[in-house]
Amino acid sequence: MERLNFTHPIHLTVGLTLWSLWFVGVYSGLSVACAVAPPAPEAGAVTLLNAGLGMISLIFTAGLLLLAWGSFQVAKQHRGRQHFHAVVSGWLYLFSAFGVAFAGLPIIAVPPCL
Amino acid sequence: MKSVNQEAVEHDPQQLHDDLHDIWGNPKGLKALTIVNHTTLGLRFMITGMVFFLIGGILAMLVRTQLAMPDQDFMSPEIYNQVTTMHGTVMMFLFAIPMLEGLAIYLIPKMIGARDLVCPRLTSLGYFCYLFGGIILTSSLIIEMAPSSGWFMYTPLSSKEFAPDLGSDFWLLGITFVEISALSAGVELVVSILRTRTQGMALHKMPLFAWYILAMALMIVVGFPPLILGSVLLELERAVGMPFFQIAGGGDPVLWQHLFWLFGHPEVYIIFLPAAGIVSTLIPVFAGRPIVGYGWVVAAITIMGFISFGLWVHHMFTIGIPQLAQAFFSAASMLVAVPTAIQVFVWIATLWLGKPKMKLPMLWVMGFLIIFVCGGLTGVMLALVPFNWQVHDTHFVVAHMHYVLVGGMFFPLIAGLYYWLPLFSGRMPSENLGRWGFWLTFLGFNGTFLIMHWTGLLGMPRRIYTYEAGSGWEIFNLLSSISSFILSAGIAMVLLDIALHFRFGKPAKHNPWNADTLEWANTMPPSAYNFVSLPNVETRHPLWDDPNLPHTMAEGKHSLAVASHGRREMWGTDPITGKVREIIHLPGNSWWPLFAASALAVVCLSLLTRVYLLAGVFVIIAGIFLLRWSWENGAHPNAAPDAGVKPGDPPLHSRTMDGPGLWAMGVFLIANGSFFLSYLFGWFYLWTVSPQWRMPETPPLSLMLMGAAGVAVFAGAVIMEKLIRGLRQQRDAGLGAGFYTAAALGALQIGLTGWALWQAELSPTQTSHDAVMLVGLAYALFHGCLAVILTVLQGLRVGYGYVGVHAPFEPGVVALLWRYNVVVFGLLIGALAVLPRVIGG
Amino acid sequence: MRERNSAIAIHNPSSRWGHRITCLMGICLLISVAGCSGDRSILDPAGPAARDVRLIWWVMLSFATVVLLGVTAVWLYAFRPRSVERTAAQERRIARRWIIGGGLVLPVASITALLMFGVPAGQRMLPLPLSEPPEVIEVIGHQWWWEVRYPGAEGGEVVTANQLVMPAGEPVDFHVSGADVIHAFWVPRLGGKIDMLPGRVNKIRLEADEPAVFGAQCAELCGVGHAHMHLYVEAVPRDEFDAWLMARQETELSEAATQASTHDGAREAFMTHCASCHEVAGVSQGRVGPNLSDVGSRTMLGAGAMPMEEGAISQWLQNHQTLKPGNKMPAHDDIDTDTLDALGAWLETLSP
């Protein structure tokens, strides 16, 4: 189970894979929701749909931040190759967390289905 | 780390060279068509790419001539549309990608201390597919029947009703053919970088260029299949009338745009990443110090590789999707600024801390920086939805795109060509002519395209063949056109310089730029086998840390300096640590790639001329050629019948369970999975979004038959896994019978699926629902057949003694395909048979 | 930088800066002379949405220019000759400062500002509910002309082609679609563009500040006639707009078309040659080509191919394949000039 350890290079891809899953998830979730049951345009950005998408984004951000923290912790215990993989993975987790939060920002302000 | 097989004995270098040359050397005359060597094929890729670049460039000059003045009738609108479409198509598909892949094919093995790519025959197949596809596509220009719907081929403009002649077919078939080449190069570059680095070269020690190419190759693997799927669907619509993109039949033209840009946006980064890799290679060399922030660059590459798949909708901001969805894509597009900025400032910091010299290649790098940063900044502007709505499809976008592509690809490419010229030819480029070429190109480029931003802001749309006097665009268009001729004069000078240098260049001294990477340990020009002996490399800068390394390598003082066994050998190493795991033996020159590519070319031509019977026959012939090629593997007399290695050496890869072929199959299945996911996306997209989608009252696909077929394929896969476990435990009793049983189960799956298909009574030319369903089942049937054929062949190979406990490698490769088939078939049952029953229309 | 000697100066890029700055100034001069105006210029806005975008553009351009010049200057400055010895720790610190400052802080701050600033600007073009529902105009793109419909007109729907008259000073919702391939609806001086897709209706809200005439042109490649697909857009005061609509009621138009017995011959020729494709209220019901019921009152002919003046329609009928190559109307070589003249003369009277 070496792969579960943050020193394995697979973690270089996990953070951004999670970002991609989040991205595809909110985009398709939004599209399906708008096709099936669009909220009234009068409601603006204050809809259940926005709230749901916002919650998902928060969960992903928190999870990715946790993973980043974990990577940096592990990085401190190693040198050389393992240190390299853990540190770079940590930064990538951090960026992914930022990516979720940043690309999710419009959920606060934009009405969903117009 | 103790290196494996460090030779203590003295070798006679000349004798070693002759021995290795006997095995690796290229044949002459007609037999040159059989060459599989990466050095030769890399050069062929690049030279062919340059020819297509010239064709694309001439088309560009025709466009600028037409637009130089208002109300010109130098070209008719029909011809103009053909010319612009082909300019984009040729530059993207026939120049940018193959050129950079060619460079990677040439350089990667040399940089990572290998002797060739890991699937040499695949390199050759890729080259011929590229060449034939390119010729077929460009020949459409000569008969004035080129595609004319734009390089993005939006439906319905490209569909049968509005483009009845062969233009669209040329595009769809030719491009798909060329993409086989891109994909095969992508697959083998991934495997080569991960599995054939020289001893000791851990993942975090490999040259940055290899990281860039790894990312590019993986992106090709994931990014090209959506377009292949789109092309197949559109060609099916054009040829037999399946309404995938027609509203009336329940299809949707926007689906094409999604599939196209799912490929098209990553494509931009596929082009940019290797070019940035060139920059990251050159800057440390000319700054005379290691790059600062190696890890930062690796992170930036990874970010770009992923994020670029989340941007495709920013090409479609005006198609009328919800604004919140647009905002996601807008924000994601802006995110790309971060990894780009990281790289730019890593380069700046490296220069800042080094002692940079403005040699000719660095001049081009400087041109790259200015132009690319400018294009990146307008890119961030375009990511902003309201601004995008204004300038989308205007000349502003044309300008932006050329800043990104010419700045981000062409300038670094020329920098790289100048830098590696001494390696190609053993001669130095001239500084004078080169500098003239640079300044003319740089000024001409900016003159052409900087102004074009303004033309766009004044409201000039893209792709109009003329404009009226008094529009206010005249002077800017004239200036653009004049500058474009300066630009082409500059490029002509550069090409002339490069061509002349092969004859008149000063002979280069060894490692002329004092570079740090292994490719400069080659002789100049390189030998067919690259290195006499393969060193143990545990540093990022092998030639700086040991300037004597090229000599000791050439003297055979490192590993694998043996040729007596007659095999083409190199190290197979651990993807993470770079520890040696096995000796990879490579196949020699072969006619099969050329034959297979020729058969595929006939398929392409007969589809084009609508002789479907001939196409079917040649598909089978191509299949037979490919299978015949795969026959000469492992313990086959032409591959490695004798597994003998020197004492202390690791085994041959075909005598292990985990050779590069397994990895190649894995990477190929990633590409295949991307194709399948694109298909599922199309199914669900049409289901939810298409305005006139019709779900039948009763689901046509029998759940029982499909379920039974699923059980059959699962059982087959279980048997395969059991056989593999047996091989792992040194048991091969009943191996052949096991393969035949699995194949029989596969045949049962095919039969049951075929029955379900027959029972469903689909009318695929009437509704897109039935058409999509048919494509999914055809995909499953094709994969079922593939698995059965390969499994039967394994059974035969057991009989011949090519597969068994002594050579346990191949069954694992086939078993991987079985696993894939199980997953795919399960998903198909879920998507096509279960969900419609659960959710209903 | 000091000039060392002329031979070196040739290889020195910085000596070319003077030349390039001159070039750059020349271009600036040219742009300022030619200006930002033009009937399709997004830098000469005539409505709130386009004005927002212009502001965004100038802000972004200024910022981008500073970044570009800054990066280039730092890059070139790094090439200066020098001999500083630094310890490894110093080097690491300097490198980290560059990468974190330039690679993280700069882009993150810029894109965050841009997103905050840019997303609200897009809201204005959304068809959000208003207290008073805005005028709806339907625009349908055909290869290569525009069908324009006013479903909300008092007294019944009004249909015209290749001209778009809209009320000024109030928001107007445009519902656009495509009849055959994808076209794009774009009035640059009013705001962003939106694609006209077959089978779908897209909506965009635009507003013209004052009565004026605007240029517009199809923005999505739609075949050989793409460059010749112009739309004449005119914003008029509300009361004029109402009167304009009123004059185009079908009853009014058909009366004009069927009266005037001097044109009986032309009407007959029209029924023979044109009626299967073109509609004239009260005369024919063809739907393939543009509706001609008020063609005499339009400013341009053939979707912007030529200006409307006396005798223009006859000229158009004779030369339209040269004026607008590839358009879908037959060439009319088989019809004698007199008939075409008569047809033109009659059609020119169709002006409410």
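About the criteria used
Residues numbered from 1 in each chain as written. Chains lettered and ligands numbered in written order. Predicted model: local features only at pLDDT ≥ 70, side-chain atom pairs only at ≥ 80, totals over all residues. Helix = DSSP H or I, 4+ residues; strand = E, 2+ residues; numbered from the N terminus. Buried ≥ 20, exposed ≤ 12 C-beta atoms within 10 Å, placed from the backbone. Contact = placed C-beta atoms within 7 Å. Rg over C-alpha atoms; globule rule 2.2 N^0.38 Å. Domains from an automatic or database assignment. Nonpolar A, V, L, I, M, F, W, Y, C, P; charged D, E, K, R; others polar. Core = buried A, V, L, I, M, F, W, Y, C linked by C-beta atoms within 7 Å. Pairing = 2+ DSSP bridges. Axes fitted to C-alpha atoms, helices over the stretch in contact; angles between N-to-C directions. pLDDT = per-residue confidence, 0-100. Arc of directions from axis to C-beta. Expected span 1.5 Å × (residues − 1). Parallel < 35°, antiparallel > 145°, perpendicular 65-115°, else oblique. Left-handed = near helix turned anticlockwise from the far one by under 90°.

Thoughts on the overall build of chain C
Part 1 of the argument: Across its full length, chain C holds nine helices and 14 strands.
Part 2 of the argument: Buried positions account for 42% of the 352 residues belonging to chain C.
Part 3 of the argument: Contacts in chain C between residues at least 24 apart in sequence constitute 65% of all its contacts with a sequence separation of at least 6.

Comments concerning the overall build of chain A
Part 1 of the argument: Tallying secondary structure elements over chain A gives three helices and zero strands in all.
Part 2 of the argument: From first element to last, N terminus to C terminus, chain A shows the α and β order α-α-α.
Part 3 of the argument: For a compact globule of 114 residues, the expected C-alpha radius of gyration is about 13 Å, and chain A comes in at 17 Å, more than 25% above that figure.
Part 4 of the argument: C-alpha atoms of chain A, sized along the principal axes, occupy 55 × 20 × 15 Å.
Part 5 of the argument: Buried residues in chain A amount to 42% of all 114 residues.
Part 6 of the argument: In chain A, once contacts between residues fewer than 6 apart in sequence are set aside, the share between residues at least 24 apart is 81%.

Observations regarding the domain arrangement of chain C
Residues and elements named next belong to chain C.
Part 1 of the argument: According to the domain assignment, chain C consists of domain 1 (2-124), domain 2 (135-237) and domain 3 (250-348).
Part 2 of the argument: Computed over C-alpha atoms, the centres of domain 2 and domain 3 are 22 Å apart.
Part 3 of the argument: Across the contact, 16 residues belong to domain 2 and 15 residues belong to domain 3.
Part 4 of the argument: Listing elements by their share of the side of domain 2 that touches domain 3, those giving two or more residues are β2 (145-150), β3 (158-161) and β10 (230-236).
Part 5 of the argument: The leading source of residues in the side of domain 2 that touches domain 3 is β3, at three residues.
Part 6 of the argument: When grouped by side-chain class, the residues that make up the side of domain 2 that touches domain 3 number eight nonpolar, eight polar and no charged.

A word on the interface of chain C and chain B
Part 1 of the argument: Across the boundary between the two partners, chain C contributes 72 residues, which contact 71 residues of chain B.
Part 2 of the argument: If you list the elements that add at least two residues to the side of chain C that touches chain B, you get α2 (17-34), α3 (48-77), α4 (88-123) and β7 (194-196) of chain C.

Considering the nonpolar core
Soluble, globular proteins show a tendency: their nonpolar side chains are buried together.
All names here are of chain B.
Part 1 of the argument: Within the largest apolar cluster, 443 residues are counted, with the highest numbers of intra-cluster contacts made by Val-190, Ile-213 and Phe-328.
Part 2 of the argument: Per-element tally for this core: the top contributor is helix α7 (residues 253-287), with 23 residues.
Part 3 of the argument: Not counting the four nearest positions on each side in its chain, Val-190 is found in contact with Leu-214, Ala-217, Leu-218, Val-221 and Val-667.

As for the sheet that holds strand β5 (residues 171-178) of chain C
All names here are of chain C.
Part 1 of the argument: Strands sit in the order β3-β2-β1-β5-β8 across an open sheet of five strands; the sheet is mixed. Since the sheet does not close on itself, it has two edges, and those belong to β3 and β8 (202-207), each with one partner. Strand-to-strand twist in this sheet, taken as the mean axis angle between neighbours without regard to direction, amounts to 25 degrees.
Part 2 of the argument: For strand β1 (residues 135-142) and β5, the ladder comprises seven bridges, and the chain directions are parallel. Bridge pairing in β5 links Gly-141 to Gly-178.

Some details on the confidence of the model for chain C
All names here are of chain C.
Part 1 of the argument: Summarising the model, chain C shows a mean pLDDT of 87, and 89% of its residues fall at 70 or more.
Part 2 of the argument: Helix α1 (residues 6-10) is the least confidently modelled element of chain C, averaging 38 in pLDDT, while strand β6 (residues 183-185) averages 97, the highest of any element.
Part 3 of the argument: Here the predicted complex scores 0.94 on pTM and 0.96 on ipTM.

A few points about the interface of chain B and chain A
The parts lose accessible area when they come together, and the size of an interface is often stated as this lost area.
Part 1 of the argument: Contact residues are listed per partner, giving 23 residues for chain B and 32 residues for chain A.
Part 2 of the argument: For the side of chain B that touches chain A, the elements supplying multiple residues, two or more each, are α8 (294-307), α9 (323-335) and α20 (660-689) of chain B.
Part 3 of the argument: By residue number, the principal contributor to the side of chain B that touches chain A is α9 of chain B, which donates eight residues.
Part 4 of the argument: Taken together, the residues of the side of chain B that touches chain A sort by class into 17 nonpolar, six polar and no charged.

Quick notes on the pairing of β10 of chain C
Residues and elements named next belong to chain C.
Part 1 of the argument: Bridging between strand β4 (residues 163-167) and β10 involves five bridges; their strand directions are parallel. Its bridge partner lying in β10, Pro-167 is registered against Val-236.
Part 2 of the argument: Note that strand β9 (residues 212-217) and β10 share six bridges and pair antiparallel. Of the residues in β10, the one forming a bridge with Ala-212 is Ala-235.

Examining helix α5 (residues 238-247) of chain C
Residue and element names in this part refer to chain C.
Part 1 of the argument: By the burial criterion, the buried members of α5 are Phe-241, Trp-244 and Leu-245. An end-on view of α5 places all buried positions within 95 degrees of arc, on one side of the element.
Part 2 of the argument: Check the buried side of α5 and you find it contacts β2, β3, β4 and β10.

Observations regarding unusual backbone geometry
Residues and elements named next belong to chain B.
Part 1 of the argument: Cis geometry is found at the peptide bond from Thr-155 to Pro-156, where omega equals 0 degrees.
Part 2 of the argument: Position of Pro-156 relative to the elements: it lies in the loop between α4 (120-142) and α5 (167-195).
Part 3 of the argument: Here the bond from Met-524 into Pro-525 is cis, since omega is -10 degrees, no more than 30 degrees from zero.

Here we look at the sheet that holds β4 of chain C
All names here are of chain C.
Part 1 of the argument: Taken in spatial order, the three strands make up an open sheet running β4-β10-β9, and their pairing is mixed. Whereas interior strands pair on both sides, the edge strands pair on one side only; in this sheet they are β4 and β9. Taking each pair of neighbouring strands and ignoring which way they run, the sheet shows an average axis angle of 25 degrees.
Part 2 of the argument: In the packing of α5 onto the sheet, contacts are made with β4 and β10, and the angle to β4 comes to roughly 135 degrees.

A closer look at the environment of Ala-185 of chain B
Residues and elements named next belong to chain B.
Part 1 of the argument: As for its placement among the helices and strands, Ala-185 is situated in helix α5.
Part 2 of the argument: Separated by 78 residues in sequence, Ala-185 and Leu-107 place their C-alpha atoms 13 Å apart.
Part 3 of the argument: Once residues within four sequence positions are removed from consideration, Ala-185 is found in contact with Glu-101, Ile-105, Thr-123 and Gly-126.

What to know about helix α9 (residues 337-349) of chain C
At 3.6 residues per turn, the α-helix brings residues three or four places apart onto the same side.
Residue and element names in this part refer to chain C.
Part 1 of the argument: Helix length check: α9, at 13 residues, gives a terminal C-alpha distance of 19 Å against a target of 18 Å (1.5 Å per residue), a fit within 8%.
Part 2 of the argument: Considered for burial, the residues of α9 that qualify are Leu-340, Ala-342, Leu-343, Trp-346 and Leu-347. The arc that holds the buried residues of α9, viewed along the axis, is 160 degrees, so those residues lie on one side. Opposite the buried face of α9, by more than 90 degrees, sit the exposed residues Thr-337 and Asp-338.
Part 3 of the argument: Considering only its buried residues, α9 is in contact with α7 (264-273) and α8 (312-323).

Some details on the pairing of β2 of chain C
All names here are of chain C.
Part 1 of the argument: Inspection of the sheet shows β1 paired to β2 by five bridges, in the antiparallel sense. Within the sheet, the bridge partner assigned to Gly-141 lies in β2 and is Trp-146.
Part 2 of the argument: Hairpin connection between β1 and β2: a loop of two residues separates the two successive antiparallel strands.
Part 3 of the argument: With four bridges connecting them, β2 and β3 associate as antiparallel partners. Its bridge partner lying in β3, Arg-149 is registered against Val-159.

Concerning the packing of helix α21 (residues 703-728) of chain B against helix α22 (residues 735-760) of chain B
Residue and element names in this part refer to chain B.
Part 1 of the argument: At a closest axis distance of 8 Å, the pairing of α21 and α22 adopts a crossing angle of 165 degrees. Here α22 runs roughly antiparallel to α21, going by the angle between their axes. Of the two elements, α21 crosses α22, and the hand of that crossing is left-handed.
Part 2 of the argument: Its residues assigned to classes, the contact of α21 with α22 comprises 17 nonpolar, seven polar and no charged.

Description of the environment of Ala-95 of chain C
Part 1 of the argument: By secondary structure assignment, the location of Ala-95 of chain C is in helix α4.
Part 2 of the argument: The spatial distance from the C-alpha of Ala-95 of chain C to the C-alpha of Leu-221 of chain C is 48 Å, given a sequence separation of 126 residues.
Part 3 of the argument: Dropping the residues within four chain positions of it, Ala-95 of chain C is found in contact with Val-292, Gly-293, Ala-349 and Leu-353 of chain B.

Regarding the packing of helix α3 (residues 80-104) of chain A against α9 of chain B
Part 1 of the argument: Following both chains from N to C, one finds α3 of chain A and α9 of chain B inclined at 140 degrees, their axes separated by 8 Å at the closest point. Judged by the inter-axis angle, α3 of chain A sits oblique to α9 of chain B. As for the relative orientation of α3 of chain A and α9 of chain B, their crossing is right-handed in sense. Here α3 of chain A contributes Gly-99, Phe-102 and Ala-103 of chain A to the contact with α9 of chain B, which in turn contributes Phe-328, Ala-331, Ala-332 and Leu-335 of chain B.

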